[in-house]
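Structural overview
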Amino acid sequence: MQIHFKRNFEKEPELKLLPYDSELWNNYRSASKSILELLKELMKNPDNMDKFKNLCDNLCHQLSFYSGTYPVMPYLVSLFNNEKIKEDFKRQLAMFSEIGIIILTDIPAMNGEIHDSNDEVFNNYNTSILILQDKLKNFIEENIDNLTELDADELSQFYIASLAILGDREIAYLLCMSLPDNCYVVCKNCEYCDEEMEEIMEEKPENITPAENVIGKWDGTSVVDTYIWFSNFVHILGDETETELLAYYFGTYTCPECGAKTPVIDLMKNYYFEEL
């Protein structure tokens, strides 16, 4: 199957970066240090992956959302135009993987369903995500053979990051929380909490009816149907265990208490997001 994603832009727009001297930086937070100071440290030496990772870690510590994500994201996306980075597969891989984890925290359960109070900053953030999507699409199409050679840990982080960047952030968050193959759910009908479904691929829980096999049913272009495109994407990358596991996550759960039949993903959202 050929992957040929649709692009957001024919010509990449210019990113607008919040100036260092803007007073708006005082409104944004990270997990520890001043987000502006962390950013300045990185931009002085954009090739330094330790500084890059330190900044990213401060924007997704304990998978929490931090408002500094909004003004910083355009800067992070701009780094992909660095010539050294553009020619370095491993570095780009690490950057997409780290940024994707930041993005999956930007969901209503984590940010309170509110966006940045400064519309220009928030609009620049959204534009940077659209640009990042196109850059990731190019990266995948040009490096699919290299991606299939990754070890299991690198591969899983990359495809979850890809899902966060290209598709459904909430599902990406759930998958990140459920690694390697756990499934915790809460029945919305009767509030039954099931925390016993661990090591799904070995246990094959009887109260989950897996979703139908959709391998081969993706056009290689659309990312509208998460189960179809993401299952096929993971399959192409060579992770057959995760491909089978996704059928359980997108399957149907029968509650042993009340008998209600509900999509597993919805019940996982009940478990992880209702308490946030």
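Summarised in this report is the structure supplied together with it. (Residues numbered from 1 in each chain as written. Predicted model: local features only at pLDDT ≥ 70, side-chain atom pairs only at ≥ 80, totals over all residues. Heavy atoms only, no water.)

**Brief notes about the packing of helix α7 (residues 119–147) against helix α8 (residues 152–166)**
Packing of α7 against α8 brings their axes to within 11 Å, and their N-to-C directions diverge by 150 degrees. With respect to α8, the axis of α7 lies roughly antiparallel. The handedness of the crossing between α7 and α8 is left-handed. Residues Leu132, Gln133, Leu136, Lys137, Phe139, Ile140 and Leu147 of α7 touch α8, and the partners they reach there are Leu155, Phe158, Ser162, Ile165 and Leu166. Tallied by class, the residues present in the contact of α7 with α8 amount to 9 nonpolar, 2 polar and 1 charged. (Axes fitted to C-alpha atoms, helices over the stretch in contact; angles between N-to-C directions. Helix = DSSP H or I, 4+ residues; strand = E, 2+ residues; numbered from the N terminus. Parallel < 35°, antiparallel > 145°, perpendicular 65-115°, else oblique. Left-handed = near helix turned anticlockwise from the far one by under 90°. Contact = heavy atoms within 4.5 Å. Nonpolar A, V, L, I, M, F, W, Y, C, P; charged D, E, K, R; others polar.)

**Focus on the sheet that holds strand β3 (residues 208–209)**
Backbone-to-backbone hydrogen bonds join strands into a sheet, with any given pair of strands oriented parallel or antiparallel. In space, the 3 strands of this open sheet follow the order β3-β4-β5, with antiparallel pairing throughout. Each edge of the open sheet is held by one strand with a lone partner, namely β3 and β5 (261–263). Where β3 and strand β4 (residues 252–254) come together, 2 bridges link them in antiparallel fashion. Paired with Thr209 across the two strands is Thr252, which belongs to β4. In the packing of helix α13 (residues 264–273) onto the sheet, contacts are made with β3, β4 and β5, and the angle to β5 comes to roughly 80 degrees. (Pairing = 2+ DSSP bridges.)

**With respect to the packing of aromatic side chains**
Applying the stated rule across the entire model yields 19 aromatic pairs. Residues Phe5 and Trp218 carry aromatic rings whose centres are separated by 5.9 Å and whose planes lie at 50 degrees to one another, so their mutual orientation is tilted. Pair noted here: Phe5 is in the segment before α1 (35–44) and Trp218 is in the loop between β3 and α11 (226–237), with a separation of 213 residues, a long-range link. Centroid distance Phe139 to Phe158: 5.9 Å. Interplanar angle 65 degrees. Geometry classified as edge-to-face. Of the two residues, Phe139 sits in helix α7 while Phe158 sits in helix α8, which places them 19 residues apart along the sequence. Here Phe139 falls in the buried class, since its relative accessible area comes to 2%. Taken together, the aromatic side chains of Phe5, Tyr159, Trp218, Trp229, Phe230 and Phe233 make up a single cluster linked through ring pairs. (Phe/Tyr/Trp six-rings, centres within 6.5 Å; stacked < 30°, edge-to-face > 60°. Buried < 20%, exposed > 50% of the residue type's maximum accessible area, 1.4 Å probe, protein only.)

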